Amino acid sequence: MTLIEMIRQPWPWYVAGPLIGLTVPTLLIIGNKSFGISSSLRHTCAACFPGKIPFFQYDWKKELWNMFFVLGIFFGGIIAAAFLLNPNPVEVHPNLVNELAGYGISDFSGLVPKDVFSWSELFTARGLIMMVMGGFLVGFGTRYAGGCTSGHAIMGISTLQWPSLVATCCFMAGGFLMANFILPFILSL
Amino acid sequence: MANNTFVQNQPDTAANSDFEVRSLDTMCVNSEEYKEPWYGNLKYLVVGILFGIVFVKAEVISWFRIQEMFRLQSIHMYGVIGSAVAVGMLSVFLIKKFNIKTIHGEKIEFHPKKFNKGQIYGGLTFGFGWAITGACPGPLFAQIGTGATVIIVTLLSAIAGTWVYGKFREKLPH
């Protein structure tokens, strides 16, 4: 197998996880920055529609690095999709394939299921709940919790902060509840 | 508590006029004293690009992988997050032990997070959103990059969610 073929395969967790973890010291060493991504949503609010809301009154220009970082993630997605994409559909657990088939999800070619996340599905009840309400919960929840998977689970636990451990446990608990007990109803719509 | 031994620098309240605003939210505080020209930010663009490629290649931005994780059907996501935390923890330990400085010679600062109930309520809310969208904020950007343009709607909605939180923050239990 050539190197480029190896790179095109999905990377195993023991390669990807450590690389993601190395982001923590990299950001600290190149500029004393704490790893965190959801803050970029707050900076967007502060820059574009701060209103008279105290939560958005701060010098967002000082946090511009964070916007460059998320712009980089966007470009990374473009590069990976253009040159490094695995041509095969994602391989997931057979039980999940069976369950999703029951909701009419059979296309495993993309990173998100095209049967749910597409422009044509946006104005169906299911699409609206999944894309619009789902996104709202992500933005509201991460800011309410003071961080997301990067800021709390990775940066917070790496610096041994117990509030981040609490937050991470709540992320997982919320996800379990939603995926196993509520999402089946939404996907059946 | 273990975290106290690691808290070396309290945020400088005098220097941050927006300290109160941030007291519940110490994420992503820019601790750098050195004033860089704007192109210094290109470093973060490069780190972001590499990070985005790992996101896609490890399928951590795959909605299917997130569903597997929450149904305990695969070790993949737990392995990614667990090993990322392990490497992060070890690097932070080494930075503290050897007092490693930034490339501009500054002392590296860590910000203590105070506990508040928002971490519970907000954490659960984000968990719901994570399971629905299959994405945390970082993956949203990468998913759009890979061509799933409709995720722009999800991202705008997430920005709206952040704004609504900011608007009603004082009325919410913390």
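Given the structure is predicted, the values throughout are model-derived calculations rather than measurements.

1. Quick word on the overall build of chain A
Item 1. The helix and strand tally for chain A stands at nine helices and zero strands.
Item 2. For chain A, the succession of helices and strands along the chain, N to C, is α-α-α-α-α-α-α-α-α.
Item 3. Here chain A holds 189 residues, and 55% of them are scored as buried.
Item 4. Here chain A has roughly 7,800 Å² of accessible surface; of this, 72% comes from carbon and sulfur atoms.

2. Structural notes on empty space enclosed by the protein
Item 1. Summed over all chains, the structure comprises six cavities of 30 Å³ or more.
Item 2. Its boundaries defined by the atoms lining it, the largest cavity holds a volume of some 180 Å³.
Item 3. Lining the largest cavity are 18 residues, with A:Thr149, A:Ser150, A:Ile154, B:Phe55 and B:Cys136 positioned closest to its centre.
Item 4. Only helix 8 (149-158) of chain A together with helix 3 (42-57), helix 5 (76-97) and helix 7 (137-145) of chain B provide two or more residues apiece to the lining of the largest cavity.
Item 5. Taken together, the residues of the lining of the largest cavity break down into 15 nonpolar, three polar and no charged.

3. Some remarks on the environment of A:Gly127
Residue and element names in this part refer to chain A.
Item 1. Along the chain, Gly127 falls in helix 7 (residues 125-145).
Item 2. A residue is classified by how much of its surface remains accessible, and Gly127, at 0% relative accessible area, is buried.
Item 3. The residues touching Gly127, leaving out its near neighbours within four places in the chain, are Val116, Glu121, Leu122 and Val132.

4. Looking at the pattern of salt bridges
Residue and element names in this part refer to chain B.
Item 1. All chains considered together, the criterion is met by five salt bridges over all chains.
Item 2. Taking the shortest distance from any N to any O, the salt bridge between Glu36 and Lys43 comes out at 2.4 Å.
Item 3. Residue Arg65 pairs with Glu68 through a salt bridge whose shortest N-O separation is 3.0 Å. Residue Arg65 and its partner Glu68 are located together in helix 4 (residues 63-70), separated by three residues, close to a single helical turn. Assigned by exposure class, Arg65 and Glu68 land together as buried.
Item 4. Look at the salt bridges and you will find they share partners, linking Glu59, Arg65 and Glu68 into a network.

5. Examining the UniProt feature "transmembrane region" (unreviewed entry) in chain B
Residues and elements named next belong to chain B.
Item 1. What UniProt calls "transmembrane region" (unreviewed entry) maps, in this numbering, to residues 44-64, 76-95, 120-142 and 148-166.
Item 2. Annotated as 76% helix and 0% strand, the span residues 44-64 places its first and last C-alpha atoms 29 Å apart.
Item 3. Secondary structure content for residues 76-95 is 100% helix and 0% strand, while the C-alpha to C-alpha distance between its ends is 28 Å.

6. A word on the interface of chain B and chain A
Item 1. Contact residues are listed per partner, giving 123 residues for chain B and 135 residues for chain A.
Item 2. Regarding the contact of chain B and chain A, the summed buried area is about 11,500 Å², with carbon and sulfur atoms giving 75% of it.
Item 3. At the boundary of chain B with chain A, the tally comes to one salt bridge.
Item 4. With a closest N to O distance of 2.8 Å, A:Glu99 and B:Arg71 form a salt bridge.
Item 5. Here chain B and chain A share 24 residue pairs in polar contact (both at pLDDT 80 or more) between them.
Item 6. When residues of the side of chain B that touches chain A are traced back to their parent elements, those giving at least two are helix 1 (2-6), helix 2 (19-22), helix 3, helix 4, helix 5, helix 6 (118-133), helix 7 and helix 8 (151-168) of chain B.
Item 7. Broken down by element, the side of chain B that touches chain A gets its largest block of residues, 16 residues, from helix 6 of chain B.
Item 8. Grouping the amino acids of the side of chain B that touches chain A by side-chain chemistry returns 67 nonpolar, 37 polar and 19 charged.

7. Looking at the side chain of B:Thr102
Item 1. Counting through the fold element by element, B:Thr102 comes out in the loop between helix 5 and helix 6.
Item 2. What makes B:Thr102 buried here is its relative accessible area of 5%.
Item 3. Not counting the four nearest positions on each side in its chain, B:Thr102 is found in contact with A:Leu28, A:Ile29, A:Asn32 and B:Ile108.

Rules used in this analysis
- Residues numbered from 1 in each chain as written.
- Chains lettered and ligands numbered in written order.
- Predicted model: local features only at pLDDT ≥ 70, side-chain atom pairs only at ≥ 80, totals over all residues.
- Heavy atoms only, no water.
- Helix = DSSP H or I, 4+ residues; strand = E, 2+ residues; numbered from the N terminus.
- Buried < 20%, exposed > 50% of the residue type's maximum accessible area, 1.4 Å probe, protein only.
- Areas by Shrake-Rupley, 256 points an atom, 1.4 Å probe, with all protein chains shown as cover.
- 1 Å grid on protein atoms, 1.4 Å probe; cavity = no way out; pocket = protein on both sides within 12 Å on 5 of 7 lines; lining within 4 Å.
- Points joined across faces, edges and corners; volume = space filled by probe spheres on them.
- Nonpolar A, V, L, I, M, F, W, Y, C, P; charged D, E, K, R; others polar.
- Contact = heavy atoms within 4.5 Å.
- Salt bridge = Lys/Arg side-chain N within 4 Å of Asp/Glu carboxyl O.
- UniProt positions renumbered as here; feature names shortened; annotations may be inferred.
- Buried area = accessible area lost by both parts, 1.4 Å probe.
- Polar contact = N/O pair within 3.5 Å; in protein donor to acceptor, adjacent residues only side chain to side chain.

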